[in-house]
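Notes for the structure review
The lines below spell out each chain.
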Amino acid sequence: MQVYGVDAIVRIISHFAFVYLAFWGLRSLRLDTLFKSFQTAQIRIVILMLAISLGYLTSSFFLEILNLLKNTFLSIV
């Protein structure tokens with residue numbers, strides 16, 4: 001039961017870290033040129049939604065790779 005708790009904590013930390021990295025990376029893009037003037041709230045929401053989706057997908061990819069490597073290592077041993 002303890003392994004599942006540690007796995008859940010690692011997954012949560014990984015998701016938050018990758019969402020933060022995606023948000024940090026998306027802030028450097030000039031997405032305000034795609035929107036009308038004075039709509040900063042909508043721009044922030046779009047960047048946040050893109051960061052959540054991109055961060056979640058990236059985190060899931062890396063967690064799946066780690067899981068496959070763990071399973072491969074356990075099947076060898």
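None of the values given here were measured: they were computed from a predicted structure. Along each chain, numbering runs from 1 in the same order as the chain's sequence is written. The model is predicted, so local features are restricted to residues of pLDDT at least 70 and side-chain atom pairs to those at 80 or more, both for listing and for counting; the totals for chains, interfaces and linings are taken over all residues. Working from all heavy atoms in the structure, the side-chain values ignore hydrogens and water.

Here we look at the side chain of Ser-59
Secondary structure counts use DSSP, requiring at least four H or I residues in a row for a helix and at least two E residues in a row for a strand, with both numbered from the N terminus. Mapping Ser-59 onto the fold places it in helix α2 (residues 40–76). Here Ser-59 falls in the buried class, since its relative accessible area comes to 0%. Within the structure, the side chain of Ser-59 is placed 2.9 Å from the side chain of His-15, a separation counted as a polar contact. Excluding anything up to four places from it in sequence, Ser-59 contacts Ser-14, His-15 and Phe-18. Relative accessibility decides the category of a residue: with a 1.4 Å probe and only protein chains considered, values under 20% of the type maximum give buried, values over 50% give exposed, and everything between is partly exposed. For the purposes of these results, a polar contact is taken to be a pair of N or O atoms within 3.5 Å, where, inside protein, one atom must be able to donate a hydrogen and its partner to accept one; residues adjacent in sequence count only when each atom of the pair is a side-chain atom. Every residue pair with non-hydrogen atoms within 4.5 Å of one another is taken to be in contact.

Remarks on the UniProt feature "transmembrane region" (unreviewed entry) in the protein
UniProt positions are given in the numbering used here, feature names are shortened, and annotations may be inferred rather than shown by experiment. Listed under "transmembrane region" (unreviewed entry) in the UniProt record, and renumbered for this structure, are residues 12–29 and 41–63. Taken end to end, residues 12–29 comprises 83% helix and 0% strand; its first and last C-alpha atoms sit 26 Å apart.

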